[in-house]
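Okay, here's what each chain looks like letter by letter:
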Amino acid sequence: MNRALLVIDVQESFRRLEKWAVVSNPAIVGQVNKLVTHARAEGDLVVWFLHADAGSGNVFDPALGHVRLIDGLAAAEGEPVITKTSHNAFTTTNLQQLLTERGIRELAVSGIRTEQCCETTTRVASDLGYDVTFVTDATATHPIEHRDAPAGRSLAEILADPLTLSTDEIITRTEYALSGRFARIATVKELTGS
């Protein structure tokens, strides 16, 4: 085993957000399950991550009960489920130690959000010397408002704003930024054959 699949923040917290209605990949659970099934069959390690923001009172506060894998996903016995508090999966966890102890040098990245926790983890992993595959169609994101957008707008107002980045624009930008620099871009089908 020298490979690991990272499943980042595919958690119920995101389904509690109004933006979930316009998520880029409503089939993310199925896509992640294909990767997980393939990784297990290959003898690769699967590492699960949950993002927590204790005491925040928002959907990432563990006290509210949403910091858990989305229904339809489950870690197998022995698969690490790691709680993180930073955007990337390395800084506030023991991930690098875990990978080093097992001699893992190749990573596949999946999860939520494409351009945030997944992309940031990919960049850090590359800087640490890992060979990274970014599985875009096993990630998901939401439209992003312009930095100067007024706070408190409705989802309809956000979507109607021509300065809002669409999910397609975000995904394209992420692939451009990562490909050939930090990761190889792949699809679930390319990796699993199905």
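Source: prediction; values computed, not measured. (Residues numbered from 1 in each chain as written. Predicted model: local features only at pLDDT ≥ 70, side-chain atom pairs only at ≥ 80, totals over all residues. Heavy atoms only, no water.)

Comments concerning unusual backbone geometry
Cis geometry marks the peptide bond from Ile 112 to Arg 113, where omega comes out at -5 degrees. Looking at where Arg 113 falls in the secondary structure, it is placed in the loop between strand S4 (106-112) and helix H4 (114-127). At Asp 9, a residue that is not glycine, the phi angle is positive and equals roughly 60 degrees. By the secondary structure assignment, Asp 9 is in the loop between strand S1 (3-8) and helix H1 (12-15). What makes Asp 9 buried here is its relative accessible area of 1%. (Helix = DSSP H or I, 4+ residues; strand = E, 2+ residues; numbered from the N terminus. Buried < 20%, exposed > 50% of the residue type's maximum accessible area, 1.4 Å probe, protein only.)

Overview of the nonpolar core
In globular proteins that are soluble, nonpolar side chains generally tend to be buried together. Counting residues in hydrophobic clusters, the biggest one holds 28 residues, and the most contacted among them are Leu 5, Val 7, Val 10 and Ile 112. If you list the elements that add at least two residues to this core, you get S1, helix H2 (28-42), strand S2 (45-51), S4 and strand S5 (131-140). Ranked by residue count, the leading element in this core is H2, at six residues. Non-local contacts of Val 7, meaning those with residues more than four positions away in its chain, are made with Val 32, Val 36, Val 46, Val 47, Trp 48, Phe 49 and Ser 110. (Core = buried A, V, L, I, M, F, W, Y, C linked by side-chain atoms within 4.5 Å. Contact = heavy atoms within 4.5 Å.)

Overview of the packing of aromatic side chains
Counted by the stated rule, this structure contains two aromatic pairs. With 5.2 Å between their ring centres and 75 degrees between their planes, Phe 14 and Phe 60 make a pair best called edge-to-face. Linking Phe 14 in helix H1 with Phe 60 in the loop between S2 and strand S3 (81-84), this pair joins segments that are 46 residues apart in sequence. The exposure classification of Phe 14 matches that of Phe 60, with both residues buried. We note Arg 105 situated over the ring of Tyr 130; from NZ or CZ to the ring centre the distance is 4.3 Å. (Phe/Tyr/Trp six-rings, centres within 6.5 Å; stacked < 30°, edge-to-face > 60°. Lys NZ or Arg CZ within 6 Å of the ring centre and 35° of its normal.)

With respect to the pattern of salt bridges
Scanning all chains against the criterion turns up 13 salt bridges. For Asp 71, the salt bridge is made with Arg 68, and the minimal N-O distance between the two is 3.5 Å. Look at Arg 68 and you get partly exposed, because its relative accessible area is 34%. Between Arg 123 and Glu 119 there is a salt bridge whose closest N-O contact spans 3.0 Å. Note that Arg 123 and Glu 119 are positioned in helix H4 at a spacing of four residues, about one turn of the helix. Taking the relative accessible area as the measure of exposure, Arg 123 reaches 29% and is therefore partly exposed. Taking relative accessible area as the criterion, Glu 119 reaches 4% and is therefore assigned buried. One salt-bridge network, in which partners are shared between bridges, spans Glu 12, Arg 15, Arg 16, Arg 68 and Asp 71. (Salt bridge = Lys/Arg side-chain N within 4 Å of Asp/Glu carboxyl O.)

Details of the sheet that holds S4
Taken in spatial order, the six strands make up an open sheet running S3-S2-S1-S4-S5-S6, and their pairing is parallel. Each of the sheet's edge strands pairs with one partner strand only, and the pair in question is S3 and strand S6 (184-186). The mean angle between the axes of side-by-side strands here comes to 25 degrees, regardless of whether they run parallel or antiparallel. Most of the contacts of H4 go to S5, to which it runs at about 175 degrees, and overall it touches S1, S3, S4 and S5. (Pairing = 2+ DSSP bridges. Axes fitted to C-alpha atoms, helices over the stretch in contact; angles between N-to-C directions.)

Considerations on H4
Residues that lie three or four places apart on an α-helix share one face, since the helix turns once every 3.6 residues. End to end, H4 covers 18 Å across 14 residues, agreeing with the expected 20 Å (1.5 Å per residue, within 8%). For H4, the set of buried residues is Thr 114, Glu 115, Cys 117, Cys 118, Glu 119, Thr 121, Thr 122, Ala 125 and Ser 126. Just downstream of H4 lies Gly 129, where phi reads positive at about 95 degrees. (Expected span 1.5 Å × (residues − 1).)

Considerations on the state of the cysteines
For the structure shown, the criterion picks out zero disulfides. Free of any disulfide, Cys 117 has its nearest cysteine sulfur in Cys 118, 6.9 Å distant. (Disulfide = S-S within 2.5 Å.)

Considerations on the layout of surface pockets
Approximately 260 Å³ is the volume found for the largest pocket. Lining the largest pocket are 14 residues, with Arg 3, Asp 44, Ala 108, Thr 133 and Leu 191 positioned closest to its centre. Secondary-structure elements contributing two or more residues to the lining of the largest pocket are S1, H2, S4 and S5. As a volume, the second largest pocket reaches approximately 160 Å³. Contributing to the lining of the second largest pocket are Leu 17, Glu 18, Lys 19, Arg 113, Arg 153, Ser 154, Leu 155 and Ile 158. (1 Å grid on protein atoms, 1.4 Å probe; cavity = no way out; pocket = protein on both sides within 12 Å on 5 of 7 lines; lining within 4 Å. Points joined across faces, edges and corners; volume = space filled by probe spheres on them.)

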